[in-house]
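Chain residues, written in single-letter form:
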Amino acid sequence: MIFLENIGVTYKDRTVALQDVSLQFLSGEFTVLLGSSGAGKSTLLRCLNFLTIPTKGQVRVEGLGTLNDPKILRRHRQKTGMIFQQHQLIPRQTALKNVLIGRLAYHSTLRSFLPLPKKDQIIALEALDRVGLLNKALTPVKQLSGGQQQRVGIARALAQQPRFLLADEPVASLDPGSSHKILANLKKICQEDGLGAVVSLHQVDLALDYGDRIIGLANGSILFDSHPSNLQTEQLERIYQHSPSMKTV
Ligand SMILES: Nc1ncnc2c1ncn2[C@@H]1O[C@H](COP(=O)(O)OP(=O)(O)OP(=O)(O)O)[C@@H](O)[C@H]1O
Ligand SMILES: [Mg+2]
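Scoring rules and cut-offs
- Residues numbered from 1 in each chain as written.
- Chains lettered and ligands numbered in written order.
- Predicted model: local features only at pLDDT ≥ 70, side-chain atom pairs only at ≥ 80, totals over all residues.
- Helix = DSSP H or I, 4+ residues; strand = E, 2+ residues; numbered from the N terminus.
- Buried ≥ 20, exposed ≤ 12 C-beta atoms within 10 Å, placed from the backbone.
- Contact = placed C-beta atoms within 7 Å.
- Near = placed C-beta within 6 Å.
- Pairing = 2+ DSSP bridges.
- Domains from an automatic or database assignment.
- Nonpolar A, V, L, I, M, F, W, Y, C, P; charged D, E, K, R; others polar.
- Expected span 1.5 Å × (residues − 1).
- Core = buried A, V, L, I, M, F, W, Y, C linked by C-beta atoms within 7 Å.
- Right-handed = clockwise from strand over helix to strand, strands pointing away.

1. Looking at the overall build of the chain
From N to C terminus, the chain includes eight helices and ten strands. Principal-axis analysis of the C-alpha atoms gives the chain an extent of 50 × 40 × 35 Å. Expressed as a percentage of its 249 residues, the buried residues of the chain come to 39%. Pairs at least 24 apart in sequence give 68% of the contacts found in the chain among residues at least 6 apart.

2. Considerations on the site of ligand 1
In the vicinity of ligand 1, the contacting residues are Tyr-11, Asp-13, Thr-15, Ala-17, Gly-35, Ser-37, Gly-38, Ala-39, Gly-40, Lys-41, Ser-42 and Thr-43. Sorting elements by how many residues they give to the shell around ligand 1 places helix H1 (residues 41-47) first, with three residues.

3. Considering the sheet that holds strand S1 (residues 2-10)
Strand order in this open sheet of four strands is S2-S1-S4-S5, and the pairing throughout is antiparallel. The sheet is open, and its two edges are formed by strand S2 (16-25) and strand S5 (65-66), each paired on a single side.

4. Quick word on the domain arrangement of the chain
If you check the domain split of the chain, you get domain 1 (1-79 + 169-249) and domain 2 (84-161). Taking only C-alpha atoms, the centre of domain 1 and the centre of domain 2 are 24 Å apart. At the interface, 13 residues of domain 1 touch twelve residues of domain 2. Classifying every residue of the side of domain 1 that touches domain 2 by side-chain character gives six nonpolar, four polar and three charged.

5. Looking at helix H5 (residues 146-159)
Its 14 residues place the ends of H5 20 Å apart at the C-alpha level, agreeing with the 20 Å of an ideal helix rising 1.5 Å per residue. Most of H5 is tucked away: twelve of the 14 residues are buried. Buried residues along H5 sit in contact with strand S6 (80-83), helix H3 (95-100), helix H4 (118-130), strand S7 (164-168) and helix H6 (176-193). Gln-161, located one to two residues past H5, shows a positive phi value of around 50°.

6. Points about the nonpolar core
By size, the foremost hydrophobic cluster in this structure holds 65 residues, and its most contacted members are Leu-33, Val-99, Leu-128, Ala-155 and Leu-165. With six residues, the single largest contributor to this core is H5. Both of domain 1 (1-79 + 169-249) and domain 2 (84-161) provide at least three residues apiece to this core. Once residues within four sequence positions are removed from consideration, Val-99 is found in contact with Ala-124, Ala-127, Leu-128, Val-152, Ala-155, Arg-156 and Ala-159.

7. Topic: the pairing of S7
The buried count for S7 comes to five of five residues, which makes it a mostly enclosed element. Of the two faces of S7, the one carrying Phe-164, Leu-166 and Asp-168 and the one carrying Leu-165 and Ala-167 are both buried. In this sheet, S7 lies alongside S6 in parallel orientation, the contact comprising four bridges. Looking at S7, one finds that Gly-81 is bridged to Leu-165. On the question of chirality, the crossover connecting S7 to the parallel strand S8 (residues 196-200) by way of H6 is right-handed.

Right, here's the structure in full:
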């Protein structure tokens with residue numbers, strides 16, 4: 001479980017991105033963050049592994065402690081997989097080599113210059129298998145489609161053998177069919193492994209289909225936090241009231 005306790009983020013240019021946010025994220029729960037552009041979704045996600053360090057409050061991880069301690073942060077990051085909108089893959093490297101990057105957190109910097117042990121290679125291949133890409137293991141990722149590249153990104157996060165997955169708009173650049181396939185795959189893996197997932201999305205219909213819990217943000221504050229069945233038009237209007245590009249259910 002991850003606890004955000006009275007978190008605030010004010011960036012150097014004085015932009016207030018999050019205000020007094022207190023939330024708990026459970027293992028095994030698939031949480032979707034919704035909100036218009038600039039609402040604070042990425043900032044909130046990045047606070048969960050201190051890629052953005054909150055300027056107020058603290059982040060506590062059950063069984064570890066608060067992330068201000070560098071040793072605790074390192075152990076927490078090792079067990080927290082991150083999936084990005086633009087995949088952040090190395091295009092000329094094979095899918096397998098990219099997935100092996102997920103294993104680096106388990107090795108010293110020096111060791112990572114050498115080929116990783118067989119055990120790591122097997123974990124990486126298993127991760128590729130789970131996203132249906134074992135047959136592309138030796139293909140450079142620049143030769144894969146956008147959806148396949150995102151699956152490599154997911155496999156890299158899985159190779160970390162995480163407890164939590166954080167995904168920032170993982171399907172933003174994909175067509176609706178591929179988006180459904182990716183989210184269904186991701187959710188199934190989370191259920192099988194009992195992983196907690198926090199996923200930001202711009203599509204309300206996908207949030208309703210896959211979220212166990214939806215958190216709606218606007219202007220850095222939480223406006224909604226409940227089961228998707230409780231998300232009515234009225235709440236959606238409040239969440240997206242400042243957005244000209246509101247997507248409807
Ligand atoms: N590094 C930064 N420095 C200054 N301000 C920032 C920085 N990153 C984000 N912001 C600002 O913080 C606020 C929240 O941004 P954030 O990226 O968390 O929103 P978001 O909900 O993820 O938006 P989007 O849907 O466009 O990705 C915005 O006003 C944004 O301009
Ligand atoms: Mg964002």
